[in-house]
Each structure stands twice: as C-alpha cells, then as structure tokens.
Amino acid sequence: MALASASSTAPPSASPATSASPLVMKVIAACALAHLINDLIQAVLPSIYPMLKASYGLSFAQVGLITLTFQITASLLQPWIGFYTDRHPKPFLLPAGMVCTLIGVLMLSMVGSFEMILLASALIGIGSSTFHPETSRVARLASGGRFGLAQSSFQVGGNTGSAFGPLLAAAIVIPFGQGNVAWFALFALFAIGVLYGLSRWYRGHLNAFAAKRGRQATHGLSRGRITGALAVLALLVFSKYFYMASFTSYFTFYLIEKFDLSVASSQLHLFLFLGAVAAGTFFGGPIGDRIGRKAVIWFSILGAAPFTLMLPYVDLFWTSVLSVVIGFILASAFSAIVVYAQELLPGNVGMIAGVFFGLMFGFGGIGAALLGELADIHGIEYVYTLCSYLPLLGILTVLLPSTKAKG
C-alpha cells in the first residue's frame, strides 16, 4: 500500500508544516477509516439483540451478559495492551486485532447457541481492545505535533461508524436473518488491509516513536499531582459518558413516551444528535491545539450544563435543538482529555489511550445498565431529569494543573 512505501519523512521534531504534509494526513485518514470500520462492526452487535433474543429465547439477563462479555474484553484489556506496547512496540498487532474481529463476525453469523454467541462477542471485544490503543498511537505519531487534530480525526471516524452500524444492520441483517451478519466480514477484511499498511508505516517509523517514547516530562508536576489530575479526568469521563448513555440507549424511548413520536421520527432525532456528536468530536481536537486542552475541557463538560438542565422541561422543538447543542459541546471534550493525559505521562501514549477508551466503553456500558434500571422503576423522564446534573461535575476542571513546560 502507499502507506507502506513512505520513508522516514516525519522525524520526531516535525514542524507544523510537516504535520500538514500529504503523507501525514494520509496516515491519519487511514487511522480514522479503520476506526470507522471497527466501531461500525461493534455497533452491529447490540443492533441485532432483538433478533437474537427472539431466535434463541434469551432472557434480558442473558442479553445483558452478552453486553457484559463484550464490554469486559473491549475495555479491561485496553490499558494492559497499551502499557505493554508502549515498552515493546508490536506493529503486527494492528491487523492481528482486526483478524479477531473478523473471526468474531463470522462466528456470530453462524453460531447456534448462547455460549457461542458469548464467545463471538468476546472475540469482537478483543479485536477492539487491541485496535484502539495501537491505532491511536499511530495517529499521534503521524500528527507532526498537532496531537488534538490527530486524536479528533481518529475519534470522529469511530463516531461515524457507530452511527452507520445500526442503519446497515437494519438494512442487511434484521430483514434477512442472522446469517447475513457475514456481510460485515467484508468490512473487516478491508480494514485488515488498511491496518496492514499502517503497520508497515509504523514499523518504518519505530525510531521516531522510540525518541518520543523516551522523552521526559517537562511540566515539573509531582507524582501526586499527576495521579490527582488523572482521577479528575476519570470523573469527567464518567460524567460525560453516563450522560451520553442516556441518549444513545434511551433517547428514542424518551421522545416516544413524552411527545408520542413514531419510532421512525424518534430515530431521526437520534441521528441528529449523533451527527452533532461527530461534529463536536472533530472540532474539539484542533481547537484544543490552538487554545489549550483545559479550555476545551472547561467548555465541553461544564458548558453543556445549562442546556442539559433545561432539556427535561422544554417542548419537542427545543428538545431537538438542545439535543444537538448538547451533543456538539459534550463530544468536543474526549480528544482534549486524552491528549492532556498523554501530556501528563509522556512515553505512555498507548496505555493512556487504552485507559480512556476503556473508561469510555466501561462507563457507557455501566451507565446504560443502571439508567435502564432507573427507567424501569421511576420512568424514562426521571432519568433525564437526574442526568441533567451530571455535567456540573465539569467544575472539577479547576483542579487540573498546567502541563506547560517549566522554564
């Protein structure tokens, strides 16, 4: 592939001009494309839950166990893979992880028992846990110093895939049966080719990676301050993804119950929200490169609070408007949070990416489960009233120290 033929034209000291070169942007775009495919395939699994439940007579508890199996393998393994490859780079893990996803997809299309569905879900999760820290590292290496741009471009690919996955599942799988899940293996095969090209580019730039990995922190912060800052970031991710779970899992139910919308109309509002999330993700990184990570984190978490607090009390028109505003503002934070954490702990790019992508999956899954329990007990509108206060945790951003080099 064209990526593999690149020589070492992006040294560790790449200037901003170098970061804008066609080679670097091609690598970043390939990372985003691979992320789109990875998250598209992931999104297929929950999209076919109703079909699996009906076909195999599963209980809701068994459906929850499928989600738990996927979330455990997709989130808990990521930090450990990132930690290991920070110290022992393994470029071949890029396509190898997608091979796990491919096997999981093919199994999911033909299995005939609950236990084999669990195994297929675990393989898809393992592929995801390998993909995120490693591909995020390659995007950062190709950034030429524009880390926010690279991270947000990478992340927006995943958001786009998450939005399109349910649509494709509804068109390809739901009408024609479980066997048609196998069509998604074509996406996985294509992604293996993209990731193989990225792995060859990465192998050719390992010297540059080693130089970046070995540099010392220049912010002068103590270990205690760094640990405290990482704890604050984890709480901010908690507030963001618990709130986001209320939308991704239950927004359509909320609209149907409160405003008596049809399923199709409620889905349209959800897609508007997801589109705003994709836009916010893309713009958050480059803005952070210009004005600083803390400023973006302040705006993204706490800045959403006035709108989330209003949402439970407005009519359908303003619910639609506010959902788009909230999605855009909240989504701008993740890239800034990841890059800020990587600046706290230079040399641990993969581990940090794994930790925060793992937290994203973990909090999202736990949030969906807990909010579902609350909705069963108190009603769906109660969930949105309660969650409206979560962005107020953004005030914790005041505790984040500066990561600028000490003179």
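So, how was this worked out
Residues numbered from 1 in each chain as written. Predicted model: local features only at pLDDT ≥ 70, side-chain atom pairs only at ≥ 80, totals over all residues. Heavy atoms only, no water. Patch = residues over 30% accessible without salt bridge, like charges linked within 9 Å, V, L, I, M, F, W, Y side chains within 5 Å. Areas by Shrake-Rupley, 256 points an atom, 1.4 Å probe, with all protein chains shown as cover. Salt bridge = Lys/Arg side-chain N within 4 Å of Asp/Glu carboxyl O. Helix = DSSP H or I, 4+ residues; strand = E, 2+ residues; numbered from the N terminus. Buried < 20%, exposed > 50% of the residue type's maximum accessible area, 1.4 Å probe, protein only. Expected span 1.5 Å × (residues − 1). Axes fitted to C-alpha atoms, helices over the stretch in contact; angles between N-to-C directions. Parallel < 35°, antiparallel > 145°, perpendicular 65-115°, else oblique. Left-handed = near helix turned anticlockwise from the far one by under 90°. Contact = heavy atoms within 4.5 Å. Nonpolar A, V, L, I, M, F, W, Y, C, P; charged D, E, K, R; others polar. Polar contact = N/O pair within 3.5 Å; in protein donor to acceptor, adjacent residues only side chain to side chain.

Chemist: Can you walk me through a nonpolar patch on the surface in this structure?
Modeler: Nonpolar side chains collect at one region of the surface, where Phe282, Phe283, Ile287, Ile291 and Phe328 lie side by side and expose about 450 Å² of accessible area between them. Among the elements that take part in the nonpolar patch, helix H11 (residues 263–291) stands out by supplying four residues, more than any other. One can find phenylalanine 282 in helix H11. Residue phenylalanine 282 is classed as partly exposed on the basis of its relative accessible area, which comes to 33%.

Chemist: Quick question: what am I supposed to make of helix H15 (residues 333–344) here?
Modeler: Note on helix geometry: an α-helix contains 3.6 residues per turn, so any two residues three or four positions apart are oriented the same way. End to end, H15 covers 17 Å across twelve residues, agreeing with the expected 16 Å (1.5 Å per residue, within 8%). With respect to burial, H15 is a largely interior element, eleven of its twelve residues being buried. Those residues of H15 not exposed but buried are Ala333, Phe334, Ser335, Ala336, Ile337, Val338, Val339, Tyr340, Ala341, Gln342 and Leu344.

Chemist: How should I be thinking about the packing of helix H10 (residues 223–259) against helix H14 (residues 316–331) in this particular structure?
Modeler: Angle between the axes and distance between the axes: these two values describe a pair of packed helices. At their nearest, the axes of H10 and H14 sit 12 Å apart, and the two run at 165 degrees to each other. Classified by the angle their axes make, H10 and H14 are roughly antiparallel. Regarding H10 and H14, the two cross each other, and that crossing is left-handed. Along its contact with H10, which presents Lys240, Tyr243, Met244, Phe247, Phe251, Tyr254, Leu255 and Phe259, the element H14 presents Leu316, Thr319, Ser323, Ile326, Leu330 and Ala331. For the contact of H10 with H14, the per-class residue count stands at eleven nonpolar, two polar and one charged.

Chemist: Just checking my understanding: could you explain the side chain of glutamate 134 for this structure?
Modeler: Along the chain, the position of glutamate 134 falls in helix H6 (residues 114–141). Owing to a relative accessible area of 0%, glutamate 134 belongs among the buried residues under this scheme. A distance of 2.6 Å separates a polar atom in the side chain of glutamate 134 from a polar atom in the side chain of threonine 85. Within the local environment of glutamate 134, its side chain forms a polar contact with the side chain of arginine 137, the two groups lying 2.7 Å apart. The contacts of glutamate 134, once residues within four sequence positions are left out, are Thr85, Lys90, Leu93, Leu94 and Tyr202.

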